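# Summary of the model geometry
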Amino acid sequence: MALMSSFAPRLSDADLLARIQSYHWWHSIALREGLTTFGGKTEAILAQEEQALLSPFDLAGRSVIDIGAWNGYFSFAAKRRGAARVLATDSYIWNHPIWRGRETFDLARAELGLDVEALMLDPPQITPQLGLFDVVMFLGVFYHLYDPIEVMARLRGITRQLLLVETHSDLTDQARPGMVFYPGAILNQDATNWWGPNPATMLHLFLQLGFTRIFYRDHPTLGRARGIYAAFTPEVAEGLILRFDDNWRDLDVPGAIEALVTA
Amino acid sequence: MNEAELRSAMGAHRWLQSLRLRDTLLTPGLKSEAQLREEEAALFDPLNLAGADVLEVGAANGAFSLAALRRGARRVLATDHLPWTLPGSDALSATQWAAHALGAPLETRAQDPRELSAAFGSFHLVLATACFEQWFNPILALRGLRSVTNRILLLETMQDALADARPIMMAQSHHAPIGGVQGSWVAGWAPNPPLMLQLLIDLGFDRILYRNHPSLGSARGIYAALLPEAPDGLLAGFAAPWANLTHPQG
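First, a word on scope: everything that follows refers to the structure included in this document. If you're wondering where the values come from, they're calculated on a predicted model, not measured in any experiment. (Residues numbered from 1 in each chain as written. Chains lettered and ligands numbered in written order. Predicted model: local features only at pLDDT ≥ 70, side-chain atom pairs only at ≥ 80, totals over all residues. Heavy atoms only, no water.)

### Some remarks on the overall build of chain B
- Looking only at helices and strands, one finds 7 helices and 12 strands in chain B.
- For 250 residues, the compact-globule estimate of 2.2 N^0.38 gives 18 Å, and chain B sits close to it at 18 Å.
- Dimensions of chain B, computed from the C-alpha atoms along their principal axes, are close to 55 × 40 × 35 Å.
- Looking at chain B as a whole, 54% of its 250 residues qualify as buried.
- The contacts in chain B between residues at least 6 apart in sequence include a share of 64% that link residues at least 24 apart.
- Counting only carbon and sulfur atoms, one obtains 53% of the accessible surface of chain B, whose full area is about 10,100 Å².
- The average position of the 19 basic charges and that of the 23 acidic charges among the side chains of chain B differ by 2 Å. (Helix = DSSP H or I, 4+ residues; strand = E, 2+ residues; numbered from the N terminus. Rg over C-alpha atoms; globule rule 2.2 N^0.38 Å. Buried < 20%, exposed > 50% of the residue type's maximum accessible area, 1.4 Å probe, protein only. Contact = heavy atoms within 4.5 Å. Areas by Shrake-Rupley, 256 points an atom, 1.4 Å probe, with all protein chains shown as cover. Lys, Arg positive; Asp, Glu negative; His and termini not counted. Charge placed at Lys NZ, Arg CZ, Asp CG, Glu CD.)

And the structure:
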């Protein structure tokens, strides 16, 4: 046992509120009764996203990595759902002088008392030395990368069972695989947005990278404008999948893309 | 080697391109001599290759590399990746044999373009034909090509999404006559001109010219991208049907 505790003294509600207010937040995270971070994404939307993304899976005892964790909502959600190990990673937001994402993550983690690891990691720097994770979460990051294909290949190298991707989509009326490129700040006045893939493109990339089963669903609140993909390696354990509800569709079967386009 | 011996040795290889080895001796390539000639003219006629160092990426049997040597290039390094390295591939040995039969001082090296870097060398002209549609990651491959170019990049490619003004690339999976006798499935992309323009600008090219393929029209495009270090004089040979995408009035 350590001679001295490394835990900081518990903040008063007033001090915690002041700390919360000193940051910009993207995730609305309830840190205490009546004290929730003021995120651009509401608690209600995050709850729907969490339900859509994580409820089909049994995370108990799994290892999970969150690429682009931002304030940490989905890392914390994975831990609360029983994951044995959760590694939250980010780089752009965690190093950003305005978003100060690492400080926000550290504050939320300390307040929630969750055993979630943190690592400053830029997705293009991912290598197999990071180790294998049962579940890799890649949420809201694909379209922010100038070279998402390279990062997808790197993610394959650290995925033991499941790669979970959420992304902005484009060309969704086309059954042929294609991606739109957004120079400058064309997409949503945000210069960090680069690519909009359609579901056929994502299927193409997953299959080329050696994922063998791919499931898709529309975003729970934004519909077809954003897609959620669950891509499984051949090594997936049967117990990882609890149940895909009717919102999900099997994408790697003949005619699936055509059916999605006309749905 | 007399012509009968040449013909016999030639028959031991499978040919991607039709190379004229003697007046009456042509390798039986999948791509015809006529199409190669018109593509060579479209690619090289605007340029004076005398004394140039040239790197070809995706050389197949080296038709364009051999043409660059005929046009006076000082050094030509022909490279290819999957067609030269897949199990059962014969294209590299065929290319080396053809260069020997022609007495051409062609250098050859199997090379993944994604792994090109400045340490590989620096070339006045880098040429890549029919590559984009075989690159799983064209962003990384283009970055590799840029790293070894010091004046001009010539890129010929399949195109798609031509009706859309937005920069787009469409994924392509097709069966190609590379690797073993049965061929191989290859995954790549077909860009539209707005995407090529943007990717080349992002790589630091500041003058970008375009023309349609000489016989296949806009289904395939040819891009000439010049770095800031390239003198404006290089532009002189790019007459119509070439169009300047970066300086339309120029």
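### Quick word on the overall build of chain A
- The number of helices and strands found in chain A is 8 helices and 14 strands.
- By the compact-globule yardstick of 18 Å for 263 residues, chain A fits well, its C-alpha radius of gyration being 19 Å.
- Dimensions of chain A, computed from C-alpha atoms along their principal axes, come out at roughly 60 × 40 × 35 Å.
- For chain A, with 263 residues in total, the buried portion stands at 52%.
- Taking as baseline every contact in chain A between residues at least 6 positions apart, the subset at least 24 positions apart corresponds to 63%.
- Counting only carbon and sulfur atoms, one obtains 54% of the accessible surface of chain A, whose full area is about 11,500 Å².
- Positive and negative side-chain charges in chain A, numbering 22 and 30 respectively, have mean positions lying 3 Å apart.

### Here's the deal with the sheet that holds strand 11 (residues 195–197) of chain A
- If you trace the 4 strands from one edge of the open sheet to the other, you get 11(A)-10(A)-8(B)-9(B), paired in antiparallel fashion. Strand pairing shows two members of the sheet lacking a second neighbour, strand 11 of chain A together with strand 9 (184–191) of chain B, which therefore form its edges. Geometrically, the sheet is characterised by an average inter-axis angle of 25° between neighbouring strands, direction not taken into account.
- Most of the contacts of helix 7 (residues 193–202) of chain B go to strand 10 (residues 178–181) of chain A, to which it runs at about 55°, and overall it touches strand 10 and strand 11 of chain A together with strand 8 (168–176) and strand 9 of chain B. (Pairing = 2+ DSSP bridges. Axes fitted to C-alpha atoms, helices over the stretch in contact; angles between N-to-C directions.)

### A word on the sheet that holds strand 8 (residues 133–139) of chain A
All names here are of chain A.
- Across the sheet, which stays open at both edges, the 8 strands sit in the order 7-6-5-8-9-13-12-14 with mixed pairing between neighbours. Looking at the sheet topology across the chains shown, the edges are occupied by strand 7 (117–120) and strand 14 (249–250).
- As defined by bridge partners, strand 5 (residues 63–67) adjoins strand 6 (residues 85–90) across 5 bridges and the pair is classed as parallel. Looking at strand 6, one finds that aspartate 66 is bridged to alanine 88.
- Across the sheet, helix 3 (residues 73–80) is in contact with strand 5, strand 6 and strand 8; its angle to strand 6 comes to roughly 175°.

### A look at the side chain of aspartate 90 of chain A
All names here are of chain A.
- Tracing the sequence through the fold places aspartate 90 in strand 6.
- At 9.9 Å, arginine 102 is the nearest oppositely charged side chain to aspartate 90, a buried residue that forms no salt bridge.
- Polar contacts involving the side chain of aspartate 90 include one to the main-chain amide nitrogen of alanine 69, which spans 3.2 Å.
- Apart from the residues within four sequence positions on either side, aspartate 90 is in contact with Gly68, Ala69, Trp70, Leu119, Met120 and Leu121. (Salt bridge = Lys/Arg side-chain N within 4 Å of Asp/Glu carboxyl O. Polar contact = N/O pair within 3.5 Å; in protein donor to acceptor, adjacent residues only side chain to side chain.)

### Regarding the interface of chain B and chain A
- In this assembly, 21 residues from chain B lie in contact with 21 residues from chain A.
- The contact between chain B and chain A buries some 1,900 Å² in all, and 65% of this surface belongs to carbon and sulfur atoms.
- Looking only at chain B, the three residues that lose the most surface to chain A are Phe136, Ile139 and Met170 of chain B, adding up to 28% of its buried area.
- Arginine 176 of chain A serves as the salt-bridge partner of aspartate 160 of chain B, at 2.2 Å between the closest nitrogen and oxygen.
- At the junction of chain B and chain A, the tally comes to 7 residue pairs in polar contact (both at pLDDT 80 or more).
- Breaking the side of chain B that touches chain A down by element, the ones donating at least two residues are helix 6 (138–147), strand 8, strand 9 and helix 7 of chain B.
- Broken down by element, the side of chain B that touches chain A gets its largest block of residues, 6 residues, from strand 8 of chain B.
- Grouping the constituent residues of the side of chain B that touches chain A by class yields 13 nonpolar, 4 polar and 4 charged.
- As judged from the 3 bridges shared by strand 10 of chain A and strand 8 of chain B, these two strands associate in the antiparallel manner. (Buried area = accessible area lost by both parts, 1.4 Å probe. Nonpolar A, V, L, I, M, F, W, Y, C, P; charged D, E, K, R; others polar.)

### As for the packing of aromatic side chains
- Tallied over the entire structure, the rule returns 24 aromatic pairs over all chains.
- Members of the aromatic cluster, joined through ring pairs, are Phe57, Phe215, Phe232, Phe244 and Trp248 of chain A.
- We note arginine 156 of chain A situated over the ring of phenylalanine 211 of chain A; from NZ or CZ to the ring centre the distance is 5.0 Å.
- Over the ring of phenylalanine 205 of chain B we find arginine 146 of chain B, and its NZ or CZ is 5.9 Å from the ring centre. (Phe/Tyr/Trp six-rings, centres within 6.5 Å; stacked < 30°, edge-to-face > 60°. Lys NZ or Arg CZ within 6 Å of the ring centre and 35° of its normal.)

### So, the pairing of strand 6 (residues 123–129) of chain B
Residues and elements named next belong to chain B.
- Within strand 6, 6 of the 7 residues are buried, leaving the element largely enclosed by the surrounding structure.
- The pairing of strand 3 (residues 53–57) with strand 6 spans 4 bridges and is parallel. Across the sheet, the residue bridging to glutamate 56 is leucine 127, located in strand 6.
- In the sheet, strand 6 pairs with strand 7 (residues 149–158) via 6 bridges, with the strands oriented parallel. Its bridge partner being in strand 7, leucine 127 is matched across the sheet by leucine 154.
- Between strand 6 and its parallel partner strand 7, the chain crosses via helix 6, and the hand of that crossover is right-handed. (Right-handed = clockwise from strand over helix to strand, strands pointing away.)

### What about the nonpolar core?
- Of all hydrophobic cores here, the largest spans 69 residues; its most connected members are Phe138, Leu155 and Phe206 of chain A.
- The leading source of residues in this core is helix 7 (residues 199–208) of chain A, at 5 residues.
- Beyond its immediate stretch of four places on either side in the chain, phenylalanine 138 of chain A contacts Ile67, Leu145, Val151, Met152, Leu155, Leu163, Leu164, Val165 and Glu166 of chain A.
- Judged by nonpolar contacts, the second largest core, of 46 residues, contains Val76, Trp97, Leu106 and Leu154 of chain B. (Core = buried A, V, L, I, M, F, W, Y, C linked by side-chain atoms within 4.5 Å.)

### Considering the environment of arginine 32 of chain A
Residue and element names in this part refer to chain A.
- Of note, arginine 32 is situated in strand 2 (residues 30–32).
- Take arginine 32: its relative accessible area is 12%, and that puts it in the buried class.
- A sequence separation of 112 residues divides arginine 32 from histidine 144, and the C-alpha atoms of the two residues are 32 Å apart.
- Those residues in contact with arginine 32, other than ones at most four positions away along the chain, are Arg10, Leu11, Ser12, Asp13, Leu16 and Glu111.
- Engagement of the side chain of arginine 32 in a polar contact is seen with the side chain of aspartate 13, the distance being 2.5 Å.

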